[in-house]
Amino acid sequence: MIGNKTALKRVFAVCCVTLGTAALTGCASMSSASAEALLIRDADIFDVTDGSVHEGDVLVIDGRFSAVEDTITKYPSGTRIIDADGLALLPGLIDVHTHWTGMNGATRASIATDLLKAGVTTATDFHSAPESFEGKRAYHKTIQSPHVFYAARIGVPYGHGTEWGDEHITKVVFSAREGQAAVESLLPYKPDAIKVFADGWRYGGVVNLTSINEDALEAVVDTASASGLPVFSHTVTVEGGKIAAEGGVTAIVHAIQDADADEELVSLMQEHDVLYSPTLTVYEPFEHELAEMSKVSAAMVLYRQERSRANMRTFLDAGIRVALGTDQGIDNNPFGEADLRELELMVDFGLTPAEALQAATRNSAAVLKLEEDRGSIEAGKRADFILVDGHPWDSISEIRNVKHVFVDGVQVVADGQLTKPQGSGRPSATPAQSVIDDFEADDLTTKYGARRFKTYDAGLPRSEVMLGRVERIGGGKALHMSAMMALKDDPFAFATLPLSPGEFVPVDASAFTGVRFEARGSDTYDIILSSTSGEGEHSFVAGPEWKTVEISFASLQGEDGAPLNVSELLDVSFGMHAQADQSVWLEIDNVEFY
């Protein structure tokens with residue numbers, strides 16, 4: 001096996017609603033909810049611009065704050081009036097470091113739910129193939145969701161973020177020319193940001209990975225900045241921080257934790273106005289975890305925590321702005337809960353509760369270059385806001401009492417629960433078409449409009465794989481794959497044909513019987529079909545002469561012997577597991593469902 005790749009329908013048009021209790025009354029359609037005007041009365045409004053609190057009214061029209069005043073007396077007829085007496089009104093939280101992974105069975109819908117219930121109204125996505133951005137943007141319009149801000153990933157050869165061996169998600173660059181070209185190649189997918197895995201230090205472990213060259217980072221930043229995109233840096237060391245800051249990144253999105261920050265690093269971060277999002281939750285040591293480590297490993301974890309705490313104090317004293325990021329979705333860092341815990345840890349590491357709230361709203365908006373659009377309760381800005389039972393600017397843990405959440409002025413959470421059932425965890429499958437790929441297209445895409453890519457063993461070292469097209473005798477083109485297997489256990493190499501851009505929208509091939517293709521090679525190979533629920537695999541033999549191979553769906557079995565779910569297929573792959581240091585090749589043509 002390759003391995004897993006794998007409203008307000010009850011809305012309230014009547015004049016007065018009391019949100020301080022569990023009772024919400026009235027009714028309206030979803031369409032009217034999306035357009036209704038809101039007047040929030042007598043809320044304790046937290047002003048993130050200066051950390052002050054005042055009681056007042058807020059008017060929302062067409063999804064934006066229209067007025068913020070002590071008392072508002074003029075508002076459109078039919079405005080929904082919300083009595084928020086005793087509740088805190090704050091901007092929605094903004095998480096600048098989220099991985100939308102399938103951790104612990106999560107789906108994009110369940111992640112969206114967890115984030116909204118925690119008061120998060122904007123979150124980044126650091127875990128998607130750029131090809132999937134368009135499909136995911138469309139999907140999120142079908143569910144209750146925070147705004148999602150998509151970051152395209154760039155790493156370096158043998159660096160962090162590239163360990164998967166999955167270059168359709170993470171571009172790999174070495175030189176300045178490659179850095180510029182990588183960003184330019186990503187722009188057609190309309191990323192909202194670029195994330196660079198710049199620092200290869202692996203937290204004091206035995207083996208470090210490579211770090212980015214300074215000229216490559218500068219080229220990435222310059223090219224991204226020319227298109228108005230922020231650049232985030234995975235940086236965890238003092239020296240790496242200097243390279244990131246001098247390179248002009250918008251934000252460092254992990255804690256600096258190998259040593260104490262020196263004056264040079266602080267000065268560079270000040271000079272280039274680099275924001276700092278330390279993702280404290282993903283590093284938080286728990287006693288049961290420390291007890292299971294060796295003494296050396298546990299001591300290193302505690303050392304890193306001490307450096308992280310000291311560096312936070314140094315950066316705060318220097319006036320460096322801190323933002324909210326969690327790295328949730330990685331290492332069992334739970335969605336939604338991570339944001340609430342991050343705020344508590346920020347205070348534990350030296351911020352005041354008010355400063356932590358400013359970090360999670362205004363400063364995080366600045367990281368995303370959205371400070372003119374959201375992140376504060378000001379007229380003209382996007383009406384993403386939360387109502388909280390308590391005073392989190394005095395006691396940060398009271399942020400856990402999120403009662404009501406609004407995105408673009410539409411209520412999505414009431415009394416801690418979604419206002420309507422959440423949508424499907426994945427997009428619905430589209431009907432499969434017969435031809436998958438004939439390899440004639442010059443843009444290197446399948447007949448499903450998705451770019452082919454190579455799939456190979458993760459970790460380092462890894463197999464070297466090349467994909468290209470070759471001319472067939474008699475005309476036409478075929479796919480050629482060649483690979484030099486890594487010197488390791490169970491190396492593998494496959495050519496993968498996605499059935500949708502980024503493999504996000506599945507296809508239903510239940511109207512067909514199997515897969516037919518032509519093959520030429522010199523060994524026994526595998527075909528693997530991946531679905532949303534698993535993979536099915538079958539072997540075939542290919543010799544020096546072209547031959548037609550038919551593999552029925554019924555013959556494609558998973559590791560547990562379960563039949564393949566052909567109603568939600570994601571991709572088709574051809575290749576093999578081989579011996580260490582073995583050279584292999586395979587040619588494929590005219591792949592189709594039959």
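Notes on the structure in this doc start here. This one's a predicted model, so the numbers in the text were calculated from it and none came from an experiment.

1. A look at the overall build of the protein
When helices and strands are tallied, the protein shows twelve helices and 31 strands. For the protein, whose C-alpha radius of gyration is 26 Å, the value lies close to the compact-globule estimate of 25 Å for 594 residues. When its C-alpha atoms are laid out on the principal axes, the protein stretches across 85 × 60 × 50 Å. Within the protein, the fraction of its 594 residues that count as buried is 56%. Roughly 23,400 Å² of accessible area belongs to the protein as shown, and the carbon and sulfur atoms make up 50% of that amount. Averaged over its 47 positive side-chain charges, the protein has a centre that lies 4 Å from the centre of its 88 negative ones.

2. A short note on helix α6 (residues 238-247)
Counting buried positions over the ten residues of α6 gives seven, a clear majority of the element. Of the residues making up α6, those classed as buried are Val-238, Gly-240, Gly-241, Lys-242, Ala-244, Ala-245 and Gly-247. In the core, the buried residues of α6 are packed alongside α5 (214-226), β12 (231-234), β13 (251-252) and α7 (263-271). Regarding α6, its N-cap is Thr-237, as a side-chain oxygen of that residue lies 2.9 Å from the backbone nitrogen of Gly-240 further along. Two residues or fewer after α6 comes Gly-248, characterised by a positive phi angle close to 90 degrees.

3. Description of the side chain of Asn-311
Within the element layout of this structure, Asn-311 appears in helix α10 (residues 295-317). With sequence-adjacent residues up to four places away left out, Asn-311 is seen in contact with Ile-256, Gln-257, Ala-259, Asp-260 and Ala-261.

4. Some thoughts on helix α11 (residues 337-348)
With twelve residues, α11 ought to run about 16 Å at 1.5 Å a step, and its terminal C-alpha atoms sit 17 Å apart, in line with that. Those residues of α11 that sit buried are Ala-338, Asp-339, Leu-340, Glu-342, Leu-343, Glu-344, Leu-345 and Met-346. Buried residues belonging to α11 abut β7 (93-95), α2 (108-117), β8 (120-125), α8 (280-283) and α12 (353-367).

5. Structural notes on the pattern of salt bridges
Per the stated rule, a full pass over the model turns up 33 salt bridges. Asp-57 is the partner of Arg-41 in a salt bridge, and the nearest nitrogen-oxygen pair spans 2.6 Å. Of the two residues, Arg-41 sits in strand β2 (residues 38-47) while Asp-57 sits in strand β3 (residues 52-61), which places them 16 residues apart along the sequence. Residue class for Asp-57 comes out buried when judged on its relative accessible area of 1%. In this structure, Arg-452 and Asp-437 form a salt bridge, with 2.6 Å as the shortest nitrogen-oxygen distance. Here the residue Arg-452 occupies a position in the loop between β20 (435-437) and β21 (453-456), and Asp-437 occupies one in strand β20, the gap between them amounting to 15 residues.

6. Details of the pairing of strand β17 (residues 410-414)
Strand residues, when the strand is regular, have side chains that alternate between the two faces of the sheet. Within β17, five of the five residues are buried, which leaves the element mostly enclosed by the surrounding structure. Across three bridges, strand β16 (residues 402-407) lies against β17 in antiparallel orientation. From the neighbouring strand, Val-407 faces β17, where its bridge partner is Val-410. Hairpin connection between β16 and β17: a loop of two residues separates the two successive antiparallel strands, and Asp-408 in this loop has a positive phi of roughly 55 degrees. Direction of pairing for β17 relative to strand β18 (residues 417-418): antiparallel, over a ladder of two bridges. Of the residues in β18, the one forming a bridge with Ala-414 is Gln-417. Remark: two residues form the turn of the hairpin made by β17 and β18, two consecutive strands paired antiparallel; Asp-415 in that turn has positive phi of roughly 50 degrees.

7. A few points about unusual backbone geometry
A cis geometry characterises the amide bond from Leu-460 onward to Pro-461, with omega recorded as -5 degrees. At Tyr-158, a position not held by glycine, the phi torsion is positive, near 60 degrees. For Tyr-158, the location among the structural elements is in the loop between β9 (147-155) and β10 (170-172). For Tyr-158, a relative accessible area of 38% puts it in the partly exposed group. The phi dihedral of Lys-190 falls on the positive side, at around 55 degrees, and the residue is not glycine. On the accessibility criterion, Lys-190 (62% relative accessible area) is exposed.

8. Thoughts on the packing of α5 against α6
One can describe the packing of α5 onto α6 by two numbers: an axis separation of 9 Å at closest approach and a directional angle of 40 degrees. Classed by the angle they form, the pair α5 and α6 counts as oblique. Every pair of crossing elements has a handedness; the one defined by α5 and α6 is right-handed. Only Ile-243, Ala-244 and Gly-247 of α6 make contact with α5, whose side of the interface consists of Glu-214, Leu-217, Glu-218 and Val-221.

9. What to know about the packing of α6 against α7
Their axes nearest at 9 Å, the elements α6 and α7 cross at an angle of 25 degrees. One finds that α6 runs roughly parallel with respect to α7. The handedness of the crossing between α6 and α7 is left-handed. Residues Val-238, Gly-241, Lys-242, Ala-245 and Glu-246 of α6 form the contact with α7, whose own contacting residues are Glu-264, Leu-265, Leu-268 and Met-269. Among the residues forming the contact of α6 with α7, the class breakdown is five nonpolar, one polar and three charged.

10. So, the packing of aromatic side chains
Taken as a whole and judged by the stated rule, the model has 16 aromatic pairs. Between Phe-126 and Phe-232, the ring centres sit 5.8 Å apart and the planes meet at 40 degrees, which makes this aromatic pair tilted. Linking Phe-126 in the loop between β8 and α3 (133-140) with Phe-232 in strand β12, this pair joins segments that are 106 residues apart in sequence. For the pair Phe-126 and Phe-232, a shared accessibility class is recorded, and that class is buried. Put simply, the rings of Phe-517, Tyr-525, Phe-540 and Phe-574 touch in pairs and so form one group of aromatic residues.

11. Focus on the nonpolar core
By size, the foremost hydrophobic cluster in this structure holds 89 residues, and its most contacted members are Ile-194, Met-269, Tyr-276, Phe-315 and Met-346. Residues in contact with Met-269, not counting those within four places in the same chain, are Ala-245, Ile-252, Val-274, Tyr-276, Phe-315 and Ile-320.

12. Here's the deal with the side chain of Lys-136
Along the chain, Lys-136 falls in helix α3. There is no salt bridge for the buried Lys-136, and the closest opposite charge comes from Asp-125, which lies 4.7 Å off by N-O distance. There is a polar contact of 2.6 Å between the side chain of Lys-136 and the side chain of Ser-128. Non-local contacts of Lys-136, meaning those with residues more than four positions away in its chain, are made with Arg-108, Asp-125, Ser-128, Tyr-150 and Phe-504.

Calculation criteria
Residues numbered from 1 in each chain as written. Predicted model: local features only at pLDDT ≥ 70, side-chain atom pairs only at ≥ 80, totals over all residues. Heavy atoms only, no water. Helix = DSSP H or I, 4+ residues; strand = E, 2+ residues; numbered from the N terminus. Rg over C-alpha atoms; globule rule 2.2 N^0.38 Å. Buried < 20%, exposed > 50% of the residue type's maximum accessible area, 1.4 Å probe, protein only. Areas by Shrake-Rupley, 256 points an atom, 1.4 Å probe, with all protein chains shown as cover. Lys, Arg positive; Asp, Glu negative; His and termini not counted. Charge placed at Lys NZ, Arg CZ, Asp CG, Glu CD. Contact = heavy atoms within 4.5 Å. Polar contact = N/O pair within 3.5 Å; in protein donor to acceptor, adjacent residues only side chain to side chain. Expected span 1.5 Å × (residues − 1). Salt bridge = Lys/Arg side-chain N within 4 Å of Asp/Glu carboxyl O. Pairing = 2+ DSSP bridges. Axes fitted to C-alpha atoms, helices over the stretch in contact; angles between N-to-C directions. Parallel < 35°, antiparallel > 145°, perpendicular 65-115°, else oblique. Left-handed = near helix turned anticlockwise from the far one by under 90°. Nonpolar A, V, L, I, M, F, W, Y, C, P; charged D, E, K, R; others polar. Phe/Tyr/Trp six-rings, centres within 6.5 Å; stacked < 30°, edge-to-face > 60°. Core = buried A, V, L, I, M, F, W, Y, C linked by side-chain atoms within 4.5 Å.

Keep in mind that these numbers describe shape and distance, not what the molecule does.
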